[in-house]
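Architecture and fold: a report
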Amino acid sequence: MPIYHQLGNIPPKRHTQFRKPEAEGAGLYYEEVFGTIGFEGMSSLLYHVARPTQVKSLLSPYDVTPKIADGNSLMMRKLIGFNISPESDYLDSRVPLLVNRDVTIGLAAPQHSLTRYFYKNADADELLFVHRGSGRLRTFFGSIPFQYGDYMLIPRGVIYQIDFDTEDNRLFYLESHAPIYTPKRYRNHFGQLMEQAPFCERDYILPRDLETYDEKGDFLVKIKKQNTMHPVVYATHPFDVVGWDGYNYPWAFSIHNFEPITGRIHQPPPVHQTFQTDAFVVCSFCPRMYDYHPLAIPAPYNHSNIDSDEVLYYVDGDFMSRNDIAQGHITLHPGGIPHGPHPGAYERSIGKKETQELAVMVDTFRPLMVTEAAMDIDDGKYYQSWLEP
Ligand SMILES: [Fe+2]
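No experiment lies behind these values; they were computed from the predicted model shown.

Below, the discussion takes up the pattern of salt bridges. Scanning all chains against the criterion turns up 16 salt bridges. Among the salt bridges present, the one from Lys56 reaches Asp218, with a minimum N-O distance of 3.0 Å. With Lys56 in strand 4 (residues 55-58) and Asp218 in strand 18 (residues 216-225), the pair connects residues that are 162 residues apart, well separated along the chain. You can call Lys56 partly exposed: its relative accessible area is 47%. Judged by relative accessible area, which is 58%, Asp218 ranks as exposed.

Below, the structure written as structure tokens:
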């Protein structure tokens, strides 16, 4: 996240004595560097009330490896996402659907706030897209309020909880083993988003309202690492930071603030790009004016996506190039075989002035495997939906 941000109190010089108030004994706060890519990526400096290393006990780890049902196929699929059952517990609610060694793509319908324990993904950056629900992501960097349409980016290693305002929540989520960034081509040499980028720093939702708890006890943190969940009990409250500054922290961005780039003729998917990694891209398809050449065909051309698997999560509006698609559906178009508009959609799009479609696309550079949970919500006949009637 190439914006410098600061919350709470920090010492004027890094790596120097930073003492608690006299009334609290004038002991030292405990500095922690929280970075990525060794010491070469973005990092922040945090100041804890207690040493963040006080492991009290290690409980039995358990396996959370996604169960693969189809590891190698060219079948185009449509998953009925809202058929994922709501679950009380946040982590239990997360259902991995499409996975490879770079990324896990899943859906979740958590009913209740995560308050009984804390959660940390030690392997992957998490990107949560809020389809339904609102609330507050709580971390040791502060809180991020969220609502419908927000992407929340949580860098690996951030300990968090989530408060939901109601029980009706639907999340589309990614776990990425490669760090998730904004596209490099949107940023100048200094890291600032340039004028031609479809969003700007003003659109970012940054952490606020730092919560600092000086508490000792038993604090359960579930730490995900290598497809294993490790329950670890710490002796001090994980949210004990009095201040921090730097570049590595959770943040959010509303898809509704993505400004679409349009043209006289059809614009290719990269104009919709929102995030990049070494292993996949994320694009936002937002309500926009259609192509305005007098002979334009607004529906996309057939495309061979030979180098990537294409996943579309349909959020809202009318999906012009697809027949029989509804909110919460996921389509998988595997690399290797072309796909395109459904029968009639190409012709139907001519003369249309605008679209209200809202969708999130993930293109992965390595093939995806389909989990058993995905098979349970697969309509099973989508791959034939391009046949002429
Ligand atoms: Fe496509």
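All right, on to the pairing of strand 3 (residues 43-48) then. Of all 6 residues in strand 3, 5 are buried, a share of seventy percent or more. The pairing of strand 2 (residues 30-35) with strand 3 spans 6 bridges and is classified as antiparallel. Residue pairing in the sheet places Val33 in a bridge with Leu45 of strand 3. In this sheet, strand 20 (residues 241-246) lies alongside strand 3 in antiparallel orientation, the contact comprising 5 bridges. In the sheet register, Leu45 faces strand 20, and the bridge partner there is Asp245.

Turning our eyes to something else, we now look at the coordination of the iron ion. When a metal carries six donors in an octahedron, the ideal angles between them are 90 or 180 degrees, while four donors in a tetrahedron ideally lie at 109.5 degrees. Taken together, His303 (NE2), Glu310 (OE), Glu310 (OE) and His339 (NE2) make up the full set of protein donors to the iron ion, lying 2.1 to 2.5 Å away. One can describe the site at the iron ion as irregular: its 4 donor atoms subtend angles covering 55 to 152° at the metal. The sequence motif formed by the donor residues of the iron ion is H-x6-E-x28-H. Linking His303 in the loop between strand 24 (288-289) and strand 25 (309-316) with His339 in the loop between strand 26 (329-333) and helix 2 (345-348), this pair joins segments that are 36 residues apart in sequence.

Turning next to the environment of Gln54. Mapped onto the elements, Gln54 comes out in the loop between strand 3 and strand 4. A sequence separation of 31 residues divides Gln54 from Ala23, and the C-alpha atoms of the two residues are 24 Å apart. With residues up to four places along the chain from it excluded, the contact list for Gln54 reads Val233, Tyr234, Ala235 and Thr236. A polar atom in the side chain of Gln54 sits 3.3 Å from the backbone oxygen of Arg51.

What follows deals with the sheet that holds strand 20. With antiparallel pairing, the 4 strands of this open sheet are ordered in space as 1-20-3-2. Of all strands in the sheet, those with a lone pairing partner are strand 1 (5-8) and strand 2, marking the two edges. Along the sheet, successive strands turn relative to each other by an average axial angle of 15°, direction set aside.

To continue, consider the sheet that holds strand 28 (residues 358-364). Pairing in this open sheet of 6 strands is antiparallel, and the strands run 7-26-25-28-23-22 from one edge to the other. Looking at the sheet topology across the chains shown, the edges are occupied by strand 7 (77-80) and strand 22 (273-276). Adjacent strand axes in the sheet meet at a mean angle of 20°, parallel and antiparallel pairs treated alike.

Pairing analysis gives 4 bridges linking strand 10 (residues 114-121) to strand 18, with the strands arranged parallel. Within strand 18, the position partnered with Phe118 by the bridge is Val221. In terms of strand pairing, strand 18 meets strand 19 (residues 228-236) through 8 bridges, oriented antiparallel. By the bridge assignment for strand 19, Lys216 is matched with Thr236. Remark: 2 residues form the turn of the hairpin made by strand 18 and strand 19, two consecutive strands paired antiparallel; Gln226 in that turn has positive phi of roughly 50°.

The next point concerns the nonpolar core. Ranked by size, the top nonpolar core spans 81 residues in total, and within it Tyr90, Leu97 and Phe172 carry the most contacts. In this structure Phe172 touches Ile105, Gly106, Leu107, Leu127, Leu128, Phe129, Tyr313, Ile330, Val360 and Val362, once residues within four positions along its chain are discounted.

It is worth spelling out the side chain of Arg170 at this point. Its place among the elements puts Arg170 in strand 16 (residues 170-176). Of the side chains with opposite charge, Asp168 comes closest to the buried, unpaired Arg170, at an N-O distance of 5.2 Å. Of the polar contacts made by the side chain of Arg170, one reaches the backbone oxygen of Ile84; its length is 2.9 Å.

For the structure shown, the criterion picks out 23 aromatic pairs. Ring centres of Phe18 and Tyr47 lie 5.4 Å apart, and the angle between their planes is 90°; on these two criteria the pair is classed as edge-to-face. Of this pair, Phe18 sits in the loop between strand 1 and strand 2 while Tyr47 sits in strand 3; the two residues are 29 residues apart in sequence, bridging distant segments of the chain. Here the two residues Phe18 and Tyr47 agree in accessibility, since each one is buried. Between Trp244 and Tyr249, the aromatic rings sit 5.1 Å apart at their centres with planes inclined by 45°, giving tilted as the arrangement. Each member of the pair, Trp244 as well as Tyr249, is classed as buried. Here the aromatic residues Phe129, Tyr151, Tyr186, Phe199, Tyr204, Trp251, Phe253, Phe258 and Phe275 are joined through ring pairs into a cluster of three or more. The aromatic ring of Tyr117 is capped on one face by Lys222, whose charged end is 4.2 Å from the ring centroid.

Turning our attention to the side chain of Asp245. With respect to the secondary-structure elements, Asp245 resides in strand 20. There is a polar contact of 2.5 Å between the side chain of Asp245 and the side chain of Tyr4. Here Asp245 is in contact with Tyr4, His5, Gln6, Ile10, Ser44 and Leu45, once residues within four sequence places are set aside.

Moving on: the state of the cysteines. Applying the stated rule across the entire model yields 0 disulfides. Its sulfur unpaired, Cys200 is 15 Å from the next cysteine sulfur, which belongs to Cys286. On the basis of relative accessibility, which here comes to 31%, the residue Cys200 falls in the partly exposed class. Its sulfur unpaired, Cys286 is 10 Å from the next cysteine sulfur, which belongs to Cys283.

Rules of the game
Residues numbered from 1 in each chain as written. Predicted model: local features only at pLDDT ≥ 70, side-chain atom pairs only at ≥ 80, totals over all residues. Heavy atoms only, no water. Salt bridge = Lys/Arg side-chain N within 4 Å of Asp/Glu carboxyl O. Helix = DSSP H or I, 4+ residues; strand = E, 2+ residues; numbered from the N terminus. Buried < 20%, exposed > 50% of the residue type's maximum accessible area, 1.4 Å probe, protein only. Pairing = 2+ DSSP bridges. Donors = N, O, S within 2.8 Å, 3.2 Å for Na, K, Ca; no water. Tetrahedral: all angles 85-135°; square planar, octahedral: opposite > 155°, others 65-115°. Contact = heavy atoms within 4.5 Å. Polar contact = N/O pair within 3.5 Å; in protein donor to acceptor, adjacent residues only side chain to side chain. Axes fitted to C-alpha atoms, helices over the stretch in contact; angles between N-to-C directions. Core = buried A, V, L, I, M, F, W, Y, C linked by side-chain atoms within 4.5 Å. Lys, Arg positive; Asp, Glu negative; His and termini not counted. Phe/Tyr/Trp six-rings, centres within 6.5 Å; stacked < 30°, edge-to-face > 60°. Lys NZ or Arg CZ within 6 Å of the ring centre and 35° of its normal. Disulfide = S-S within 2.5 Å.

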